[in-house]
Amino acid sequence: KQEVTQIPAALSVPEGENLVLNCSFTDSAIYNLQWFRQDPGKGLTSLLLIQSSQREQTSGRLNASLDKSSGRSTLYIAASQPGDSATYLCAVGSGTYKYIFGTGTRLKVLA
Amino acid sequence: NAGVMQNPRHLVRRRGQEARLRCSPMKGHSHVYWYRQLPEEGLKFMVYLQKENIIDESGMPKERFSAEFPKEGPSILRIQQVVRGDSAAYFCASSPLGQGATETQYFGPGTRLLVL
């Protein structure tokens with residue numbers, strides 16, 4: 001049974017810092033992995049989608065990597081800004097239809 | 001192109017009442033997924049539907065919960081005789097091709113259900 005864990009659960013950093021969010025999963029047989037952002041009371045915004053054949057994806061200040069063999073993904077945020085404050089969710093596409101979500105990392109970037 | 005729409009955004013029900021949550025997928029998408037997010041927990045898959053068909057309902061509680069996606073109109077998640085433990089955010093997602101987790105699922109803003 002696939003399990004997804006995100007560490008840390010919460011993170012508070014000063015503006016301008018580079019930071020890394022971690023996601024680990026127990027079953028390496030995945031279709032893809034997706035990072036989402038969730039703002040309080042809002043829906044999910046897809047940030048990056050990495051297919052199982054890919055090692056990383058980049059979008060602006062965000063870079064996500066995937067290491068299937070070790071069951072890990074990292075989301076790197078460069079030069080963090082207060083507007084980056086949100087909960088970041090990692091979701092593993094582990095079957096044909098369903099994503100398995102981690103419980104998220106709550107990020108606060110202080111001005 | 002409007003995104004996935006869900007209504008209502010907030011729903012308050014008393015114990016024993018029925019809750020109906022609606023989801024309109026993105027234009028051109030005919031595959032809908034429902035997820036539930038309990039307080040302080042991650043999103044959990046409930047059900048996957050295509051038009052007029054339930055493909056996978058393995059994540060849906062066996063009793064009181066049902067889902068449909070009719071030929072015309074939005075997908076409906078129905079919860080009968082709600083209990084306090086049903087209080088959660090219910091998210092709907094849609095995709096164009098039905099390849100599920102091999103493609104991006106686009107999420108709606110969610111319906112926050114509060115059972116008093």
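Quick caveat, the model's predicted, so the values are computed rather than measured.

(A) Expanded view of the packing of aromatic side chains. The final tally for this structure, using the stated rule, is nine aromatic pairs over all chains. Relative to Y35 of chain B, the ring of F101 of chain A lies with its centre 5.6 Å away and its plane at 80°, an arrangement referred to as edge-to-face. In this pair, F101 of chain A sits in strand β10 (residues 99-101) while Y35 of chain B sits in strand β4 (residues 31-37), so the two residues belong to two different chains. Here Y35 of chain B and F107 of chain B contribute two aromatic rings whose centre-to-centre distance is 5.4 Å and whose plane-to-plane angle is 45°, an arrangement assigned as tilted. In this pair, Y35 of chain B sits in strand β4 while F107 of chain B sits in strand β10 (residues 106-107), placing the two residues 72 residues apart along the sequence. Exposure class is identical for Y35 of chain B and F107 of chain B. Each is buried. In textbook terms, an aromatic cluster arises when at least three aromatic residues are bridged by ring pairs, as seen for F36, Y99 and F101 of chain A together with Y35, F45 and F107 of chain B.

(B) The sheet that holds strand β1 (residues 4-7) of chain A, seen in detail. All names here are of chain A. Spatial strand order, β1-β3-β8-β7-β6: five strands in an open sheet with antiparallel pairing. Two strands in the sheet have a free side with no partner beyond their single neighbour: β1 and β6 (56-59). The mean angle between the axes of side-by-side strands here comes to 15°, regardless of whether they run parallel or antiparallel. Note: strand β7 (residues 62-67) against strand β8 (residues 72-77), six bridges, orientation antiparallel. Bridge assignment links L66 to a residue of β8, and that residue is S73.

(C) Fine view of a nonpolar patch on the surface. A contiguous nonpolar surface patch, about 240 Å² in accessible area, is contributed by V12, L114 and L116 of chain B. Counting through the fold element by element, L114 of chain B comes out in strand β11 (residues 111-115).

(D) Geometry of the sheet that holds strand β3 (residues 19-24) of chain B. All names here are of chain B. Strands sit in the order β1-β3-β8-β7 across an open sheet of four strands; the sheet is antiparallel. Strand pairing shows two members of the sheet lacking a second neighbour, β1 (5-7) and β7 (65-68), which therefore form its edges. Between one strand axis and the next, the sheet turns by 15° as a mean value, whatever way the strands run. Sheet analysis places β3 next to strand β8 (residues 75-79), joined by five bridges and oriented antiparallel. Residue pairing in the sheet places A19 in a bridge with I79 of β8.

(E) Structural context of the side chain of Q38 of chain A. The residue Q38 of chain A is located in strand β4 (residues 32-38) in this model. There is a polar contact of 3.1 Å between the side chain of Q38 of chain A and the side chain of Q37 of chain B. The contact partners of Q38 of chain A, leaving out residues within four places of it in the chain, are G43, L44, A86, T87 and L89 of chain A together with Q37, F91 and R112 of chain B.

What counts and what doesn't
- Residues numbered from 1 in each chain as written.
- Chains lettered and ligands numbered in written order.
- Predicted model: local features only at pLDDT ≥ 70, side-chain atom pairs only at ≥ 80, totals over all residues.
- Heavy atoms only, no water.
- Phe/Tyr/Trp six-rings, centres within 6.5 Å; stacked < 30°, edge-to-face > 60°.
- Helix = DSSP H or I, 4+ residues; strand = E, 2+ residues; numbered from the N terminus.
- Buried < 20%, exposed > 50% of the residue type's maximum accessible area, 1.4 Å probe, protein only.
- Pairing = 2+ DSSP bridges.
- Axes fitted to C-alpha atoms, helices over the stretch in contact; angles between N-to-C directions.
- Patch = residues over 30% accessible without salt bridge, like charges linked within 9 Å, V, L, I, M, F, W, Y side chains within 5 Å.
- Areas by Shrake-Rupley, 256 points an atom, 1.4 Å probe, with all protein chains shown as cover.
- Salt bridge = Lys/Arg side-chain N within 4 Å of Asp/Glu carboxyl O.
- Polar contact = N/O pair within 3.5 Å; in protein donor to acceptor, adjacent residues only side chain to side chain.
- Contact = heavy atoms within 4.5 Å.

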